[in-house]
Amino acid sequence: MSWGTELWDQFDNLEKHTQWGIDILEKYIKFVKERTEIELSYAKQLRNLSKKYQPKKNSREEEEYRYTACKAFLSTLNETNDYAGQHEVVSENMTSQITMGLARYVQELKQERKSHFHDGRKAQQHIETCWKQLESSKRRFERDCKEADRAQQYFEKMDADINVTKADVEKARQQAQLRHQMAEESKADYSSILQKFNHEQREYYYTHIPTIFQKIQEMEERRIVRLGESMKTYAEVDRQVIPIIGKCLDGIVKAAESIDQKNDSQLVIEAYKSGFEPPGDIEFEDYTQPMKRTVSENSLSNSRGEGKAEPKFGGKSKGKLWPFIKKNKLSLKLGATPEDFSNLPPEQRRKKLQQKVDELNKDIQKEVDQRDAITKMKDVYLKNPQMGDPASLDHKLTEVSQNIEKLRLEAQKFEAWLAEVEGRLPARGEQARRQSGLYDVQTTPTVNNCAQARESPDGSYTEEQSQESEVKVLAVDFDDEFDDEEPLPAIGTCKALYTFDGQNEGTISVVEGETLYVIEEDKGDGWTRIRRNEDEEGYVPTSYVEVYLDKNAKGAKTYI
């Protein structure tokens, strides 16, 4: 099967077919190029998607990734980023192994095709020239034969005519002989050219054209093979990254299987545990018996928000004070958390103090390492003065030593607070009443874009919708009439279970074991109002005292 023998007369069709083959190759190159662009675009979008959902540094999101579910999600993001990298590899390999190689091959193919068809056209032109020569010699031979025949007929006519002179007859005979001679020469020339043409024609159809068409056939078959190899490479490029993509997917599955719901639940406990115990049972108050004391407007029953009118048994109505209220004005300033974290519940305070101690120890270790490095450098300078002046390091060494001393003092301070908190935390089996609450007015509430319940000075509860990272609380002004109010009557006594340093406005300091008077019960916010004497009263955490209510208490008590 050869194009040279089977398609010897299809020169123009072969020319069109080979051009179509090159067009197909260029179309495939364009297809692969667009595929590489899609791969790059897809990889870029995957990387942007992974980056978009990465936790932001120094933000609350970074803390959330302590949970195993969030860690698994982070692993998914990282694996997705690696997955995107494999699509970039596919694009690069297709460009280098297919697109660039085929582009060069197409240029070479065009040149080769041009050369082959140029040789074919040259052979065609040569055979056409030979044909024209043959036709010319043939026509000349035909013309000379006709002229010779006419000259012979003229000679015979002249020879038969008796009126024609002998000279005219001789002249006609010579002319006839000349024409016959010319015809013979034309015949010989025509025969020679005909033989030559036949030879050239045989060479053209049986040698030149088959050779040229065979080369064109081989060129076309190489193009087809190259296209097939490129398609195989196209598949192999994808196949090469499948194992790595499989590892990425296996990593996602492994991350998903590593999710531990129990561990996450424990982390929630560690994050939000206050260290307090649930409150005890509420005592029954019998309203059928005559009351022997003035019922405090701030009793625990009022804090339940029944919305019912409460009977008053004489005496001036006392205004209800919100915890940490100064009688004239209250100004809440946020962002000034106490250094010892005394505003936090015991368990959370212990965690914060432990974290602070760990940070200080790391800082101390860094400074110690720096001091050791400077000391070694100073020793080198002492042994080799040409390398530097040892005295130039004294100032830096002194500065680092002072920093170490400051950090150690700071660490000791926090360790003392930590030891105090760890010694103060109640045992797990203790049944004493505990109720969580705020210690400090300067506590910065965690803004989490959710409604937070807050208690207002009038005893009602409101909800605030927080949408910013800071909460601004306006100063609350109270009427000066509080200055003229009579002191609240004592409704019982309490014993301090722990020492409390009341350093904030509205609080009072107590010593462990001290007995004081209760003038206002815990209304559910974790604080109890107590009095030591006529001039000393304030709030203490309910969990720090044990309250004994005196139902037979009178309106006045003797102060300690």
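First things first, this report covers the structure right here in the doc. Quantities reported herein were computed from a predicted structural model and do not represent experimental measurements.

Side note on the overall build of the chain
(1) Moving on: When helices and strands are tallied, the chain shows eight helices and nine strands.
(2) Moving on: With 560 residues in all, the chain has 35% of them scored as buried.
(3) Moving on: In the chain, the share of contacts with a sequence separation of at least 24, taken over all contacts with a separation of at least 6, comes to 74%.
(4) Moving on: Entry remark: accessible area of the chain is about 35400 Å², with carbon and sulfur atoms responsible for 51%.

A closer look at the pattern of salt bridges
(1) Moving on: Going through the model one piece at a time under the given rule, you end up with 20 salt bridges.
(2) Moving on: Note that Glu-26 is salt-bridged to Lys-110, the shortest N-O span being 2.8 Å. In this pair, Glu-26 is assigned in helix α2 (residues 11-52) and Lys-110 in helix α4 (residues 68-160), connecting sequence segments 84 residues apart.
(3) Moving on: On the basis of relative accessible area, Glu-26 is assigned to the partly exposed category, the value being 31%.

Remarks on the nonpolar core
(1) Moving on: Ranked by size, the top nonpolar core spans 35 residues in total, and within it Leu-25, Tyr-28, Met-94, Ile-98, Phe-213 and Ile-216 carry the most contacts.
(2) Moving on: Counting only elements with at least two residues in this core, the list comes to α2, α4 and α5 (166-257).
(3) Moving on: Setting aside anything within four residues of it in sequence, one finds Ile-216 in contact with Trp-3, Thr-18, His-116 and Phe-117.

Comments concerning the side chain of Thr-68
(1) Moving on: As for its placement among the helices and strands, Thr-68 is situated in helix α4.
(2) Moving on: For Thr-68, the residues in contact, after removing those within four places along its chain, are Ser-258, Ile-259, Asp-260, Asn-263 and Asp-264.

Re the packing of α2 against α4
(1) Moving on: Between α2 and α4, whose axes approach to 8 Å, the crossing angle comes to 165°. Here α2 is positioned roughly antiparallel relative to α4, judged by the angle of their axes. For the pair α2 and α4, the crossing hand works out as left-handed.
(2) Moving on: Of the residues that constitute the contact of α2 with α4, the class distribution is 23 nonpolar, 14 polar and ten charged.

Examining the sheet that holds strand β7 (residues 527-531)
Pairing between the strands of a sheet is mediated by backbone hydrogen bonds and can be parallel or antiparallel.
(1) Moving on: Reading across the sheet, the five strands line up as β8-β7-β6-β5-β9 and stay open at both edges, with antiparallel pairing between neighbours. Edge positions in the sheet fall to β8 (537-541) and β9 (545-549), since each has one partner strand and no second. The average angle at which neighbouring strand axes cross in this sheet is 40°, direction not considered.

How each quantity is defined
- Residues numbered from 1 in each chain as written.
- Predicted model: local features only at pLDDT ≥ 70, side-chain atom pairs only at ≥ 80, totals over all residues.
- Heavy atoms only, no water.
- Helix = DSSP H or I, 4+ residues; strand = E, 2+ residues; numbered from the N terminus.
- Buried < 20%, exposed > 50% of the residue type's maximum accessible area, 1.4 Å probe, protein only.
- Contact = heavy atoms within 4.5 Å.
- Areas by Shrake-Rupley, 256 points an atom, 1.4 Å probe, with all protein chains shown as cover.
- Salt bridge = Lys/Arg side-chain N within 4 Å of Asp/Glu carboxyl O.
- Core = buried A, V, L, I, M, F, W, Y, C linked by side-chain atoms within 4.5 Å.
- Axes fitted to C-alpha atoms, helices over the stretch in contact; angles between N-to-C directions.
- Parallel < 35°, antiparallel > 145°, perpendicular 65-115°, else oblique.
- Left-handed = near helix turned anticlockwise from the far one by under 90°.
- Nonpolar A, V, L, I, M, F, W, Y, C, P; charged D, E, K, R; others polar.
- Pairing = 2+ DSSP bridges.

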